[in-house]
Structure formats: C-alpha cells, structure tokens
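Listed below are the residues making up each chain.
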Amino acid sequence: MPRTDIDWGSLGFGFSDVNCHIRYVWKDGAWSKPEFPVEPYITMHIGASCLHYGQECFEGMKAFRQKDGKIVIFRPEENAKRMYRTAVRTVMPPVPVEMFIEAAEEVVRRNEEFVPPYGTGGSLYLRPLLIGTGPQIGVAPAHEYTFMIMVMPVGAYYKGGLKPVRAVILDDWDRAAPNGMGDVKVGGNYAASLYAHEKAKREGWPVELYLDAKTHQYVEEFSTSNFLGIKADGTYVTPDSHSVLPSVTNMSLKECAADLGWKVECRKVPYGEIREFTEVAACGTAVVVTPVWEITRGSDVIKISDENTVGPHLQKLYDTVQGIQYGVLPDVHGWCHEVKM
Ligand code: COI
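Novice: Which parts of the structure should I look at to understand helix H6 (residues 312-325)?
Specialist: Every α-helix winds through 3.6 residues per turn, so residues three or four apart in the chain are directed the same way. Taking 1.5 Å per residue as the helical rise, H6 with its 14 residues ought to reach 20 Å, and the 20 Å between its terminal C-alpha atoms agrees with that figure. Burial within H6 is extensive, with 10 of its 14 residues counted as buried. Along H6, the positions that sit buried rather than exposed are His313, Leu314, Leu317, Tyr318, Thr320, Val321, Gln322, Gly323, Ile324 and Gln325. Downstream of H6 by a residue or two, Gly327 has a phi angle that is positive, lying close to 75 degrees.

This is the structure we're talking about:
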C-alpha cells in the first residue's frame, strides 16, 4: 500500500529517499547478482571512465498504480532496447533486455509503497544508469561497469501539470552534432544543454528548443524532450533526424494519433513551418505532453496559442496516453508491463 506520510498531491520532479536501489557490477565478462543498497551513494575508483571520459548513459521510465490497484511499468522493453543501443555506441557491455526488465520489476517491487496512489497524478520514476567504474587513464573503454536503477515518486516535471510553457531557440548553442550522440541517451547531451538551459531559464523560458547543428534550418528537439506539432487538419508532425533521441513517449503518441485516425508525419521540419502549427508540445517520459504556447528566436516570436489554452489534439493525446498508463483506457498495444507483487 502507498505510504501515508507523503503528500502525494504536491510532488514535483525531484529526488527523494526510498527503500533501496538495485545495483549490478560487470567484471571479467559477466554481470554480478543484484544487490539492493539502501544508501543512495556509490563508491568508485577515482580513475573511473565515467568520471573522466563520460562513459555513461541513462534511461527514464515510469511505474503507475492503476485504477484496479495493479502496478505497471510503461513499455520497459523500449527503454531496455534503447539503453542497449546506447551501450553499444559508447562501448559499454549492453545490459541484456531481460535483465533490464527483471531489475526494473524488482526495484519497483521493493519500493511498492512509494508508487503514488491512483488519482494523485503521480508515478514512480525509474532512472536506470550504466557507467564505466573501472579506472581508465588512457582514452579507452573501462574494464568494469556498474548498472543501477534508482527510483523516486514524482509529479509533474514543469510546475502546473498540463500547463503551457514558452520556449526559446538560442542559436549560439547546439545540442548534438549530426553524427554525434544525439540519438542515444548519454549524459553528455544534457551537459551540452545546461549552459543554454540556465540562460533560457534566467531570461524567462523554462525550456529551450534546438535546431539541427549543421544548418540551423530544421527543428530537432527540446532540451529534455521531443518536439511535436499539430497542423490545422490534425496532422501530427515530428522531426526525423539522426541527432534526435527516439523518445518512447513520442513513439507511443504517434501510435495513439494513428489509432485516432490522424495523419502522422515523421520528417524534416523546417524552422519556418512552426508558424503553420496550431498546437506544439514537448513530449517525453518526464514531461509527458507539455504544450508550448510560444517560441522565440531572437526578434522572431511565434505565438502558437493562448498562454492558458491546451489545444484539443494535445488534450486528447495526453488523456489517451495517461488513460492507458493509469488503466482507465484499454491497453490495446500491450504497453503496460505488470509488476506482480
Ligand atoms: C525522461 O523524460 O525520462 C528523461 O530522461 C528526460 C530527463 C532529462 C528529465
């Protein structure tokens, strides 16, 4: 049962202590058995490759307490496959998909009381992490790795839930190079965005949007999430680019849109086309569907909608994906992975 000493309704998106995380070590070609440390700290060699050469990657997933009391993780296979691809790209031993899913189930089971009650709008956020922990002083992959999943109960990423935000494009900073690592989930992509992100926040924009690094002509993604735009005829448009992270939420929303009979286009999105969208959103595990009402680039301010209005298509997408996650709409695609207690 959920804890009674947590104010579930006022959760934001931040760290809080839970019972334990799950941890495995890879050494001499094999993964260890899992351990369940209670302390949220790890000890590692000062020469660990994650500290010096950024040999690290992570994932983001959510577990939901559904209306009928079941606890489910949303599409963990997709996150497992993405972490596998990221590990290959960063020359780390990939975590087998089955091990990843078993780890996710077990850490949720051991922290069941931190899965927010149905009806509070919260979820248990799972943050899998794979890092090089072996010492490596010459530039090369490490000989030892650690895979962990930490969990914490969370509410909305941006204050106010489904409240529209404004975004800014800062042309002096890029997120990911065309043949770089934008399509995998490494911490470096987020480090690359921090300077611009802090500047944007200081100047009044909670989120920044990146254009393609080579030409600055095409829309790529927001710092924390994918970009989606809706045309007046209801067409769902999202950028196709080698330097955009394949978001599990975006993938799911595209399928929901297609199920609803909307046209879905995954292609290059020229900057100028933003004006043609009647609704724009950031989408991702953490932000779910966050409407964007205005996008500023220098003196060009594109007003997409009213500051307080959530467009009908975004509202429908949000209600559909959350309805599936909380078990109030049929899970026709089998996206909800039940964690048996
Ligand atoms: C997620 O949506 O889970 C992410 O990993 C984005 C994160 C930077 C908050």
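Further notes follow.
Novice: Even after reading the chapter, I still don't get the site of the ligand, so can you show me in this structure?
Specialist: Around the ligand, the neighbouring residues are Phe58, Gly60, Tyr125, Arg127, Tyr157, Lys185, Tyr190, Thr224, Thr285 and Ala286. The separation between an oxygen atom of the ligand and a polar side-chain atom of Tyr125 is 2.6 Å. Contact between the ligand and Thr285: an oxygen atom at 3.4 Å from a main-chain N or O atom of the residue. Here the ligand, which alone exposes 280 Å², has 91% of that area covered by the protein. Of the residues in the shell around the ligand, the class split is five nonpolar, three polar and two charged. For the shell around the ligand, the two domains that each supply at least three residues are domain 1 (8-154) and domain 2 (165-325).

Novice: Would you mind going over the pattern of salt bridges with me for this structure?
Specialist: Close approach of charged atoms allows side chains with opposite charge to pair. Summed over the entire model, instances satisfying the criterion amount to 23 salt bridges. One connected set of salt bridges, linked through shared partners, spans Lys231, Lys263, Glu265, Arg267, Glu273 and Glu276.

Novice: Explain the pairing of strand E4 (residues 61-65) to me, please; I cannot follow it from the model alone.
Specialist: Sheet faces and side chains relate simply in a regular strand, where the side chains alternate between the two faces. With respect to burial, E4 is a largely interior element, five of its five residues being buried. Neither face of E4 is exposed, since Met61, Ala63 and Arg65 on one face and Lys62 and Phe64 on the opposite face are all buried. Bridge analysis of E4 against strand E6 (residues 123-132) gives three bridges, and the strand direction is antiparallel. By the bridge assignment for E6, Met61 is matched with Leu126.

Novice: What exactly am I supposed to notice about a nonpolar patch on the surface here?
Specialist: A surface patch of nonpolar side chains, amounting to about 240 Å² of accessible area, comprises Tyr118, Val328 and Leu329. Judged by relative accessible area, Tyr118 falls into the partly exposed class, the value being 36%.

Novice: Whenever I open this one, unusual backbone geometry confuses me. Can you help?
Specialist: Residues other than glycine predominantly adopt negative phi, and peptide bonds predominantly adopt the trans conformation. Phi at Asp28 is positive, roughly 50 degrees, even though this residue is not glycine. Structurally, Asp28 is set in the loop between strand E1 (22-27) and strand E2 (30-31). Its identity as a non-glycine residue notwithstanding, His216 has a phi of 55 degrees, on the positive side. With respect to the secondary-structure elements, His216 resides in the loop between strand E9 (207-211) and strand E10 (219-222). Owing to a relative accessible area of 19%, His216 belongs among the buried residues under this scheme.

Novice: Sorry if this is basic, but what is going on with the packing of aromatic side chains here?
Specialist: Centre-to-centre distance and the angle between the planes together describe a pair of aromatic rings. Here the structure, examined in full by the defined rule, presents 13 aromatic pairs. Summarising the aromatic geometry, the rings of Phe13 and Tyr125 are spaced 4.9 Å apart at their centres and angled 65 degrees between planes, so their arrangement reads as edge-to-face. Linking Phe13 in the segment before E1 with Tyr125 in strand E6, this pair joins segments that are 112 residues apart in sequence. Given a relative accessible area of 27%, Phe13 falls into the partly exposed group. Ring geometry for Trp26 and Tyr145: centres 5.8 Å apart, planes at 65 degrees, overall edge-to-face. Taken together, the residues Trp26 in strand E1 and Tyr145 in strand E7 (residues 144-154) connect sequence positions 119 residues apart. Three or more aromatic residues joined by ring pairs make a cluster, and in this case those are Tyr24, Trp31, Phe100 and Phe147. Directly above the aromatic system of Tyr218 lies the positively charged group of Lys268, at a separation of 4.4 Å from the ring centroid. We note Arg297 situated over the ring of Tyr271; from NZ or CZ to the ring centre the distance is 4.5 Å.

What counts, and at which threshold
Residues numbered from 1 in each chain as written. Predicted model: local features only at pLDDT ≥ 70, side-chain atom pairs only at ≥ 80, totals over all residues. Heavy atoms only, no water. Helix = DSSP H or I, 4+ residues; strand = E, 2+ residues; numbered from the N terminus. Expected span 1.5 Å × (residues − 1). Buried < 20%, exposed > 50% of the residue type's maximum accessible area, 1.4 Å probe, protein only. Near = heavy atom within 4 Å. Polar contact = N/O pair within 3.5 Å; in protein donor to acceptor, adjacent residues only side chain to side chain. Areas by Shrake-Rupley, 256 points an atom, 1.4 Å probe, with all protein chains shown as cover. Nonpolar A, V, L, I, M, F, W, Y, C, P; charged D, E, K, R; others polar. Domains from an automatic or database assignment. Salt bridge = Lys/Arg side-chain N within 4 Å of Asp/Glu carboxyl O. Pairing = 2+ DSSP bridges. Patch = residues over 30% accessible without salt bridge, like charges linked within 9 Å, V, L, I, M, F, W, Y side chains within 5 Å. Phe/Tyr/Trp six-rings, centres within 6.5 Å; stacked < 30°, edge-to-face > 60°. Lys NZ or Arg CZ within 6 Å of the ring centre and 35° of its normal.

All we've got here are geometric facts, nothing functional implied.
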